[in-house]
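Commentary on secondary and tertiary structure
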Amino acid sequence: MVMALGTYLARSVPMAMTSRRALPPRFVDWLDSVAPAVLGALLAPALFTVNGHLVPPWQNPAFWAAVPSALVAVWKRHLALTLVVGVGTYAVLTWLMT
Amino acid sequence: MQAQTNTEGQTQTNSPVPAQASVQVQAQANAQVQAQMNAQVQIHTEAQVQASPTEPSCSASIPTRAQGALPAPTPVLQGLRDAGPIVLAYVPLGAGFGLLARVIGMPTWLVALTSLLLYAGAGQYTIASMLAAGVSLPIITASVILLNLRHLLYSASIGMRLDRWPALLRWLGVFGLTDEVYAVASMAPGPFAPQYYFALAIASHLAWIGGSVSGAWLGGLLPSSVTNALAYSLTALFLALLLGTGQPHQLRTRLVAAGVAGGVTLGIQLAGGTNVGLLLGALAGTTAGWWCSQDRRRGSRDDGPDSGLGADGSADPGAGPDDGLRTG
């Protein structure tokens, strides 16, 4: 219960502070970078660690599968295709590497 | 995930419904809100009936009534479509949590309640593994709250785009603001309609609840190799959102933000600060990205239509006219 409340407050209070209020443009610019930063912060552990331990990228199928996924994402800008390529490559690589 | 390429095969722009999202939109969104509160799948007025966890492909199952009424994809359809990858990943991830929770002795109702009320993947995995390790409840509580403090950032960033929403909807909406929902919603161009957001959030939440409950009930029906591979769709989703959205000329800024955030997060997590790594990393990355964009701005004032405030006073991160990600 306390955990749920704490989590909800973290998700709600800043919203209440930033909506319906004029914010300094510099702060707005700063908030623009939240999304890519969060994505990077979520990606790094996914690509470079396994169960909380650093794994050399060349031994990690999650890292290798990210390479074609990233290329498809940049070139095609196509979400579904990126997912298919990512999951497919990852499935094949885990099968090959284990 | 259905093909939704429009006639010229152009980049899809999530069909934002800006200011006119008013009365009838609210009526529908209210129905959705109640649905979320009751966690029932019995709503008959809205398309999210179809957003059951077993049906990740969203647009295939939309009632024809909705398609007949409006020629363009409605916000609800768009939201369900954008929820597709999240649903695809949440079902196996939720099932993993449900399974783990059952193994350490959590009853199914508690699994469902946790997924309904806490609704935080990493947090729930933390609870399960800490309970298994015999950690005391206050420590678990503190860790989970610390872990979820990263949502402060999402909330602050998304708050500006909910300007036009009634207060009740805003307060209900942020409940579903998980990592993935934030990542997808923040890439939608412009201030989005409540319909769009609630379709996205409710479909994701139902997938999470459904996944965790079925995991608790059924145990490991799917071989772990399959669920493991499906869970990779989250990583692919993050890559697609990072690299395949936004203005191409801002890619460098985005990569700086992501790179710094990733490096700092990884460093802190490996040093043992698992709970705060993501928050501090994201803060560092955001600041680095901001720094980089300010730098560019000083060089040239020509930084596109997506900087600063939109015409309606709300922020519009990376939301030019054609920077959406094709989802079909």
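All values reported here derive from a predicted model rather than from experimental measurement. (Residues numbered from 1 in each chain as written. Chains lettered and ligands numbered in written order. Predicted model: local features only at pLDDT ≥ 70, side-chain atom pairs only at ≥ 80, totals over all residues. Heavy atoms only, no water.)

Taken together, the contacts link 61 residues of chain A with 85 residues of chain B. Summed over both partners, the interface of chain A with chain B comes to about 6,400 Å²; 72% of that surface belongs to carbon and sulfur atoms. Taken together, chain A and chain B are joined by zero salt bridges. Our count for the contact surface shared by chain A and chain B stands at six residue pairs in polar contact (both at pLDDT 80 or more). Among the elements of the structure, helix H1 (2-18), helix H2 (25-32), helix H3 (34-48), helix H4 (61-76) and helix H5 (79-97) of chain A are those that each provide at least two residues to the side of chain A that touches chain B. No other element matches the 15 residues that H3(A) contributes to the side of chain A that touches chain B. Residue composition of the side of chain A that touches chain B, by class: 41 nonpolar, 13 polar and seven charged. (Contact = heavy atoms within 4.5 Å. Buried area = accessible area lost by both parts, 1.4 Å probe. Salt bridge = Lys/Arg side-chain N within 4 Å of Asp/Glu carboxyl O. Polar contact = N/O pair within 3.5 Å; in protein donor to acceptor, adjacent residues only side chain to side chain. Helix = DSSP H or I, 4+ residues; strand = E, 2+ residues; numbered from the N terminus. Nonpolar A, V, L, I, M, F, W, Y, C, P; charged D, E, K, R; others polar.)

Turning our attention to the packing of aromatic side chains. By the definition in use, this model includes twelve aromatic pairs over all chains. Aromatic side chains A:Tyr90 and B:Tyr232 sit 4.4 Å apart centroid to centroid with 5° between the ring planes, which places their arrangement in the stacked category. One end of the pair, A:Tyr90, is in helix H5; the other, B:Tyr232, is in helix H11 (residues 224-244), on a second chain. For A:Tyr90, a relative accessible area of 10% gives the class buried. Overall, B:Tyr232 belongs to the buried group, its relative accessible area being 4%. On the basis of an interplanar angle of 80° and a centroid distance of 5.8 Å, the ring pair of B:Tyr197 and B:Phe198 is categorised as edge-to-face. Here the aromatic cluster, defined as three or more aromatic residues joined through ring pairs, consists of B:Trp165, B:Phe192, B:Tyr196, B:Tyr197 and B:Phe198. (Phe/Tyr/Trp six-rings, centres within 6.5 Å; stacked < 30°, edge-to-face > 60°. Buried < 20%, exposed > 50% of the residue type's maximum accessible area, 1.4 Å probe, protein only.)

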